[in-house]
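The residues making up each chain are set out below.
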Amino acid sequence: MHMKARTIGLSLLLFFVIGCAKKSSVQTADTTNIPATAAPTTATAPAASSQPSAAPTFDAKKVSVHNLPDSVKPFVSQNYPGYVIAAATYDPLCGGAPAIDVAIRAKGKPAYSVIFLPSGHYVQREQDVPLSTIPAPVIATVKTKYAGFKPGRQAEKLVLVDNSIEYSVDLLKPHNQREAVFSSTGEVLCEGKE
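Residues numbered from 1 in each chain as written. Predicted model: local features only at pLDDT ≥ 70, side-chain atom pairs only at ≥ 80, totals over all residues. Heavy atoms only, no water.

Here's the deal with the state of the cysteines
No. 1: Per the counting criterion, the structure on display carries one disulfide.
No. 2: The disulfide partner of C94 is C190, and the S-S distance across this bridge is 2.4 Å. Of note, the bridge from C94 to C190 carries an S-S torsion of about -100° and is left-handed in sense. Residue C94 is located in the loop between β1 (84-90) and β2 (100-105), and its partner C190 is located in strand β8 (residues 188-193); the two are separated by 96 residues in the primary sequence. (Disulfide = S-S within 2.5 Å. Helix = DSSP H or I, 4+ residues; strand = E, 2+ residues; numbered from the N terminus.)

Concerning the pattern of salt bridges
No. 1: The tally for this structure, following the rule as stated, stands at one salt bridge.
No. 2: The closest approach of N and O atoms between E191 and R178, which form a salt bridge, is 2.5 Å. Of this pair, E191 sits in strand β8 while R178 sits in strand β7 (residues 176-183), and the two are 13 residues apart along the sequence. (Salt bridge = Lys/Arg side-chain N within 4 Å of Asp/Glu carboxyl O.)

Things to note about the nonpolar core
No. 1: Of all hydrophobic cores here, the largest spans 18 residues; its most connected members are Y80, V102, I104 and V114.
No. 2: Elements with a minimum of two residues in this core: α2 (72-79), β1, β2 and β3 (112-116).
No. 3: Residue contacts for V114: discarding those within four places in its chain leaves V76, Y80, I100, D101, V102, I104, Y122, Q124 and R125.
No. 4: Residues L131, I134, Y167 and A180 belong to the second largest nonpolar core, which totals 13 residues. (Core = buried A, V, L, I, M, F, W, Y, C linked by side-chain atoms within 4.5 Å. Buried < 20%, exposed > 50% of the residue type's maximum accessible area, 1.4 Å probe, protein only. Contact = heavy atoms within 4.5 Å.)

Some remarks on the pairing of β7
No. 1: Along β7, six of the eight residues are buried, which leaves the element largely enclosed by surrounding structure.
No. 2: Two elements, strand β6 (residues 165-173) and β7, share eight bridges in a ladder whose sense is antiparallel. Across the sheet, the residue bridging to D170 is E179, located in β7.
No. 3: Remark: two residues form the turn of the hairpin made by β6 and β7, two consecutive strands paired antiparallel; H175 in that turn has positive phi of roughly 65°.
No. 4: In terms of strand pairing, β7 meets β8 through five bridges, oriented antiparallel. Each bridged residue has a counterpart across the sheet, and for R178 the counterpart in β8 is K193.
No. 5: Taken together, β7 and the strand that follows it, β8, pair antiparallel across an intervening segment of four residues, in which G186 is found at a positive phi of about 95°. (Pairing = 2+ DSSP bridges.)

Looking at the pairing of β2
No. 1: The buried fraction of β2 is high, at five of six residues.
No. 2: For β2 and β3, the ladder comprises five bridges, and the chain directions are antiparallel. Its bridge partner lying in β3, D101 is registered against I115.
No. 3: Between β2 and β3, which follow one another and run antiparallel, lie six residues, and G108 among them has a positive phi close to 80°.

Some points on the packing of aromatic side chains
No. 1: Counted according to the given criterion, the structure contains eight aromatic pairs.
No. 2: The interplanar angle of 90° and the centroid separation of 5.5 Å between the aromatic rings of F75 and F116 together place this pair among those described as edge-to-face. Highlighted residues: F75 in helix α2 and F116 in strand β3, separated in sequence by 41 residues. For the pair shown, F75 and F116 are each scored as buried.
No. 3: Lying across the ring of Y112, R125 places its NZ or CZ 4.4 Å from the centre. (Phe/Tyr/Trp six-rings, centres within 6.5 Å; stacked < 30°, edge-to-face > 60°. Lys NZ or Arg CZ within 6 Å of the ring centre and 35° of its normal.)

What to know about helix α3 (residues 136-145)
No. 1: Those residues of α3 that fall on the buried side of the exposure criterion are V138, T141 and V142. For α3, the angular spread of the buried residues around the axis is 100°, confining them to a single face. Structural note: α3 exposes A136, K143 and T144 on the side pointing more than 90 degrees away from its buried face. (Arc of directions from axis to C-beta.)

Comments concerning the confidence of the model for the chain
No. 1: Per-residue pLDDT for the chain has a mean of 77; in total, 68% of the residues score no lower than 70.
No. 2: Least confident of the elements in the chain is helix α1 (residues 2-19), whose mean pLDDT is 38; most confident is strand β4 (residues 122-130), at 97. (pLDDT = per-residue confidence, 0-100.)

Right, dumping it as structure tokens:
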């Protein structure tokens, strides 16, 4: 059963990588015993099987705090001591790959969202930050590539598995809302409809 879940997770990862030009790293190993600051690990994909998968299809409507993949709660308690899971929602990654956004809170500490694939593999940590705090090259790209769009009042700082940092910015125009993910140098990594 574990091998089937891993095969599905790797299949979702392959779908994500092919479906979006985003250059972000996605963890492909069990997250239960890996610190949030660990470098990404690699795993070889198991040989293709001619047997159909018995794993249930991911249902975005069933995402809740009480229905999280088994690895999520131990990951949060090990990597974010003192934090509690406040909410969990379906929130697809830029490009449309399914993901679970787990909001975590702790008194006197920053609020985060930790993002997981439906298989329970950790993807990234997100934190809302003022637009004024994101790197100047990102702002320059927004102004040139997205002229006519107004950026939201805040952005999301994304810390990926390999500790690289990206920024997600909502771009608004009447009847046309987008989300774009940028590298720290201002390169557009992914763009999607909001």
